[in-house]
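Geometric and topological summary
Spelled out, the chains give:
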Amino acid sequence: MNVMLNGFSLACTDAGQGLPLVLVHGYPLNRQMWQPQVKELSGQTRVLAPDLRGHGDSPVIQGPHSMDLFADDLNALLDGLGIQEKIILCGLSMGGYVTFAFFRKYAHRLRGLILTATRAAPDSEQALAARDQAIQTAVEKGVNPIFESMAPKLLSPQTASKLPAMLDLAMTVMRRTPPSTVVKDLQALKARQDSRPTLPRINLPTLIIHGEDDQIVPIQEAREMQAQIPGSRLAAVPAAGHLLNLEQPQIFNRAVQEFLDELG
Ligand code: MLT
């Protein structure tokens, strides 16, 4: 379905009934990455999976991206859907950065948080340089070299060769992302706020789910986040990398289901 926001419509999957669980995808992906969660979790709750602006079926909108802007879009989406009850917000990687931004602006709409394959720290000097390099690659050679360089880091080395269909799905999803979106996302990722000071202020039930073999965000960063968020819990997923929800959907979904049961 499409939901009208301020002058454009955002594509969003809306399935099931109950406490709204909003799933926010990572970079440079779209809501298709949540297929196993939409299928399974919509039997228990209402699952909303939007395509952020410029991703998937949502239109490319003029102007730069930012985590705050994505959070504003999510807020407008909830208004557009007439959702007044509090939601559980679940963000993977860049979706987690959006989740932090949403918490800072719209905490009154939140019942709980799920932070997955994400980090609170901003980009290191090295990461900033890598983003600049990727922007240059996108402009000079197109975005395929960026996707191809990400591919070996998406899944756990333990499972990558056993799950070629998962990698194919991730690549197919990434290839739908327009070059302009890739560049705007990279700029927004570079400019994102340091969320470490936010962590001790999170006064909501929070579940962190992280792949033990995540090569993009090492699990140590999730442990550090967990230590800073009062009362939070970490579910460490074995044989899983950055796209752990695709790689170990049963373990991922069970962790979410248990969290929902506790909140229900
Ligand atoms: C993501 O999966 O959203 C990205 O890896 C985030 C990042 O590059 O920081």
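Given the structure is predicted, the values throughout are model-derived calculations rather than measurements.

Each value, and the rule that gives it
- Residues numbered from 1 in each chain as written.
- Predicted model: local features only at pLDDT ≥ 70, side-chain atom pairs only at ≥ 80, totals over all residues.
- Heavy atoms only, no water.
- Helix = DSSP H or I, 4+ residues; strand = E, 2+ residues; numbered from the N terminus.
- Contact = heavy atoms within 4.5 Å.
- Polar contact = N/O pair within 3.5 Å; in protein donor to acceptor, adjacent residues only side chain to side chain.
- Core = buried A, V, L, I, M, F, W, Y, C linked by side-chain atoms within 4.5 Å.
- Buried < 20%, exposed > 50% of the residue type's maximum accessible area, 1.4 Å probe, protein only.
- Near = heavy atom within 4 Å.
- Areas by Shrake-Rupley, 256 points an atom, 1.4 Å probe, with all protein chains shown as cover.
- 1 Å grid on protein atoms, 1.4 Å probe; cavity = no way out; pocket = protein on both sides within 12 Å on 5 of 7 lines; lining within 4 Å.
- Sits in = over half its atoms within 2 Å of the grid points.
- Nonpolar A, V, L, I, M, F, W, Y, C, P; charged D, E, K, R; others polar.
- Points joined across faces, edges and corners; volume = space filled by probe spheres on them.
- Expected span 1.5 Å × (residues − 1).

Attention now goes to the environment of Asp213. Mapped onto the secondary structure, Asp213 falls in the loop between β7 (206-211) and α8 (219-228). Residue contacts for Asp213: discarding those within four places in its chain leaves Ser156, Pro157, Gln158, Ala239, Ala240 and Gly241. Polar contacts involving the side chain of Asp213 include one to the side chain of Gln158, which spans 2.9 Å.

Attention now goes to the nonpolar core. Core analysis: the biggest nonpolar cluster contains 90 residues, and Leu21, Trp34, Met67, Leu89, Phe102, Ile114 and Ile209 have the highest contact counts within it. At eight residues, helix α3 (residues 94-106) tops the list of elements feeding residues into this core. When sequence neighbours within four positions are dropped, the list of residues in contact with Trp34 reads Leu23, Val24, His25, Ala49, Cys90, Leu92, Thr116, Asn245 and Phe252.

Further remarks concern the side chain of Asn30. Topologically, Asn30 is positioned in the loop between β3 (20-24) and α1 (35-41). Of note is the side chain of Asn30, whose polar atom sits 2.8 Å from the backbone nitrogen of Gln32. Discounting chain neighbours no more than four positions away, the residues touching Asn30 are His25, Asp51, His55, Gly56, Val173 and Arg176.

Before going further, it helps to spend a moment on the site of the ligand. The environment of the ligand is formed by Gly26, Tyr27, Ser93, Met94, Tyr97, Arg131, Ile216 and His242. At 2.8 Å, a side-chain N or O of Arg131 approaches an oxygen atom of the ligand. Take His242: an N or O atom from its side chain is 2.8 Å from an oxygen atom of the ligand. For the ligand, whose unbound accessible area comes to 270 Å², protein coverage reaches 95%. The site holding the ligand turns out to be the largest pocket. Here the residues of the shell around the ligand sort into four nonpolar, three polar and one charged.

A few words now on empty space enclosed by the protein. A water-sized probe rolled over the atoms picks out the places where empty space is left. Tallied over the full model, the rule gives one cavity of 30 Å³ or more. Counted as a void, the largest cavity has a volume near 40 Å³. Surrounding the largest cavity, Met67, Tyr97, Arg104, Arg119, Ala120, Arg192, Gln193 and Ser195 form its lining. Here the residues of the lining of the largest cavity are counted per class, giving three nonpolar, two polar and three charged.

What follows concerns helix α4 (residues 125-141). Along its 17 residues, α4 runs 24 Å from first to last C-alpha, staying within 8% of the 24 Å computed at 1.5 Å per residue. Summarising the contacts, the buried residues of α4 are in contact with α5 (144-154) and α7 (179-191). Downstream of α4 by a residue or two, Gly142 has a phi angle that is positive, lying close to 90°.

Read these as layout, nothing more, since geometry by itself doesn't imply function.
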